[in-house]
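# Structural overview
Listed below are the residues making up each chain.
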Amino acid sequence: MSDIVIIGAGVIGVATAHALTARGITDITILDRDSVGSGGTGKSAGIVRCHYGVTSVAALALASLEFFENAEAELGQDIGFEQVGYLVGVGPENVEPFRASLANQRSLGVDTREIGHDEVAAMWPTAYLDDFATFCFEPRGGYGDGYATAQALATSLKAKGVTIRQGAKVTEIVVDGDKVTGVRLADGEVVPAGLVVVAAGAWSVPLVSPLGITLPIQPIWVQEVLIDPAVDLGAPPVFSDLVSKQYVHLRGGEMLFGNSSGEGAMTPIDDPDVYPSRATNETVELVVEKAMHRFPGIEDPRLATTATGVIDTTPDNNPIVSATGYAGLFIAAGMSGHGFKIAPALGRLMADIMLDGDTTLPHVVASEFRLSRYDDGEPLVSPFVYHGATGIR
Ligand SMILES: Cc1cc2nc3c(=O)[nH]c(=O)nc-3n(C[C@H](O)[C@H](O)[C@H](O)COP(=O)(O)OP(=O)(O)OC[C@H]3O[C@@H](n4cnc5c(N)ncnc54)[C@H](O)[C@@H]3O)c2cc1C
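The model shown is predicted, which means the values in this text are computed figures rather than measured ones.

## Here we look at the pattern of salt bridges
This model, assessed by the stated rule, comprises 15 salt bridges. The salt bridge involving Arg23 is made with Asp356; its shortest N-O contact spans 2.8 Å. Of the two residues, Arg23 sits in the loop between helix H1 (11–22) and strand S2 (28–32) while Asp356 sits in helix H8 (residues 339–356), which places them 333 residues apart along the sequence. Residue Arg23 is classed as partly exposed on the basis of its relative accessible area of 39%. Two residues, Asp376 and Arg370, come together in a salt bridge whose shortest N-O distance is 2.9 Å. With a relative accessible area of 40%, Asp376 lands in the partly exposed category.

Written out as structure tokens, the structure is:
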């Protein structure tokens with residue numbers, strides 16, 4: 001019997017195990033129905049930034065940066081983190097909340113500063129910038145590789161004695177009264193455990209619903225478009241464009257565009273296993289139109305390919321990291337499309353809640369992530385509301 005079973009070997013499951021091992025606990029079994037990083041983690045755009053209005057989330061992103069910066073030395077493997085910096089551009093309607101959010105971020109220790117058009121033009125010489133009012137730049141931001149990060153963590157966990165079982169689908173969480181006692185696998189095997197963490201993204205919902213636990217998590221289909229600029233753009237920062245509502249960064253020389261408004265931005269689906277693997281023609285057209293508006297300096301762009309994935313979104317666009325009404329049963333799910341950048345610290349938050357009921361992570365209020373916040377009417381939302389942007393700011 002393992003003391004702890006973690007369901008899901010995405011970046012959240014392995015980060016939770018990593019944090020537990022840092023506290024000397026290695027009697028852990030991670031179970032995945034498929035393989036390490038096969039869920040949303042392996043499809044992630046991997047953008048890393050601390051630009052959040054919710055203090056606890058900005059603080060999780062900041063604490064996670066230290067992991068990304070030191071992971072190669074600590075884990076002995078390249079996790080694919082490219083620290084090219086992170087740039088945000090806003091229109092006049094958002095200058096006020098933008099500046100207030102920046103001030104809050106700086107008060108937490110985030111290295112971010114407002115910059116002007118000239119500086120941005122030097123970073124992205126191909127971009128049209130006249131419709132932005134102002135920008136900020138985070139030099140410690142960039143993008144990572146979800147799959148490589150999860151694999152590196154898994155390798156390190158195995159070396160510490162953690163068991164990772166792939167192709168092990170959990171079909172039932174086993175309880176005795178109001179206490180968890182283990183999980184049952186698809187072949188009927190019961191894996192006993194004193195503590196169980198459900199870190200299975202959108203698939204967490206049906207795992208806990210037989211226990212009377214309702215997770216307000218909606219699977220959302222997201223589409224990305226990769227454009228070959230046919231020129232070498234160097235290594236510009238990730239660019240969050242809150243005027244055209246899109247983000248872009250380079251991946252292997254191609255420009256990866258995510259669209260955050262209009263056609264195909266966020267499509268709710270019923271089953272997180274059933275969605276098209278290619279972006280729709282309408283989405284491609286919209287992304288290309290936005291890309292051409294923003295980057296007129298790229299003269300001969302070509303559509304390279306498209307990519308899609310599923311995110312597990314909660315009503316307030318923030319994760320659920322929580323105990324439940326069952327002793328020993330915990331939830332770390334509902335990452336709402338931004339779980340990669342906060343995963344290292346979120347794993348620590350989950351471990352702290354499991355072991356201590358609270359966390360000592362600076363500026364992180366553990367109770368803000370509790371499942372009951374929705375019923376309590378206390379959603380976790382930013383006080384600095386950006387007009388026209390998604391809720392993950
Ligand atoms: C297209 C896309 C772009 C994104 N871009 C960004 C970004 O730029 N920055 C950022 O921070 N985040 C981004 N995200 C979000 C981020 O990647 C996710 O929040 C994060 O990877 C989620 O990790 P997870 O471990 O919670 O879930 P997952 O990686 O989905 O892992 C869940 C695991 O549970 C397993 N599982 C499911 N059911 C069972 C079961 N019954 N038994 C056993 N195992 C089970 C699955 O096989 C899976 O491996 C993006 C996501 C997508 C899809």
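## Some thoughts on a negative patch on the surface
Residues Glu72, Asp78, Glu82 and Asp145 make up a contiguous surface patch of negative charge. Along the polypeptide, Glu72 turns up in helix H2 (residues 55–75).

## Thoughts on the site of the ligand
Close to the ligand lie 37 residues, the nearest being Asp32, Gly40, Thr41, Ile47 and Lys341. Here an oxygen atom of the ligand and a side-chain polar atom of Ser38 are 3.5 Å apart. Separating an oxygen atom of the ligand from a backbone N or O atom of Gly46 is a distance of 3.3 Å. Protein chains shield 96% of the accessible area of the ligand, which is 1000 Å² for the free molecule. When the residues that make up the shell around the ligand are grouped by side-chain class, the tally is 17 nonpolar, 13 polar and seven charged. Looking at which domains feed residues into the shell around the ligand, each of domain 1 (2–46 + 146–215 + 316–373) and domain 2 (83–140 + 218–313) gives three or more.

## Some words on H8
Maximal helix bending in H8 amounts to about 45°, located at Ala345. Judged by how many residues are buried, H8 sits mostly within the fold: 15 of 18 residues are covered.

## Focus: the nonpolar core
Most often, soluble globular proteins keep nonpolar side chains buried together rather than apart. Ile6, Ile30, Leu60 and Leu349 are the most contacted members of the largest nonpolar core, which totals 60 residues. For this core, the elements supplying multiple residues, two or more each, are strand S1 (2–7), H1, S2, H2, helix H5 (146–159), strand S19 (329–333) and H8. A per-element tally of this core places H2 first, with 11 residues. For Ile30, the residues in contact, after removing those within four places along its chain, are Ile6, Gly8, Ala9, Gly13, Val14, Ala17, Leu157, Val162, Thr163, Ile164 and Arg165.

## Concerning the environment of Arg99
Structurally, Arg99 can be placed in helix H3 (residues 95–108). You can call Arg99 partly exposed: its relative accessible area is 45%. Put simply, Arg99 and Arg113 are 14 residues apart on the chain and 9.6 Å apart in space, counted from C-alpha to C-alpha. Beyond its immediate sequence surroundings of up to four residues, Arg99 is in contact with Glu114 and Thr134.

Definitions and cut-offs
- Residues numbered from 1 in each chain as written.
- Predicted model: local features only at pLDDT ≥ 70, side-chain atom pairs only at ≥ 80, totals over all residues.
- Heavy atoms only, no water.
- Salt bridge = Lys/Arg side-chain N within 4 Å of Asp/Glu carboxyl O.
- Helix = DSSP H or I, 4+ residues; strand = E, 2+ residues; numbered from the N terminus.
- Buried < 20%, exposed > 50% of the residue type's maximum accessible area, 1.4 Å probe, protein only.
- Patch = residues over 30% accessible without salt bridge, like charges linked within 9 Å, V, L, I, M, F, W, Y side chains within 5 Å.
- Areas by Shrake-Rupley, 256 points an atom, 1.4 Å probe, with all protein chains shown as cover.
- Lys, Arg positive; Asp, Glu negative; His and termini not counted.
- Charge placed at Lys NZ, Arg CZ, Asp CG, Glu CD.
- Near = heavy atom within 4 Å.
- Polar contact = N/O pair within 3.5 Å; in protein donor to acceptor, adjacent residues only side chain to side chain.
- Nonpolar A, V, L, I, M, F, W, Y, C, P; charged D, E, K, R; others polar.
- Domains from an automatic or database assignment.
- Bend = angle between axes of the 7 residues up to and from the residue.
- Core = buried A, V, L, I, M, F, W, Y, C linked by side-chain atoms within 4.5 Å.
- Contact = heavy atoms within 4.5 Å.

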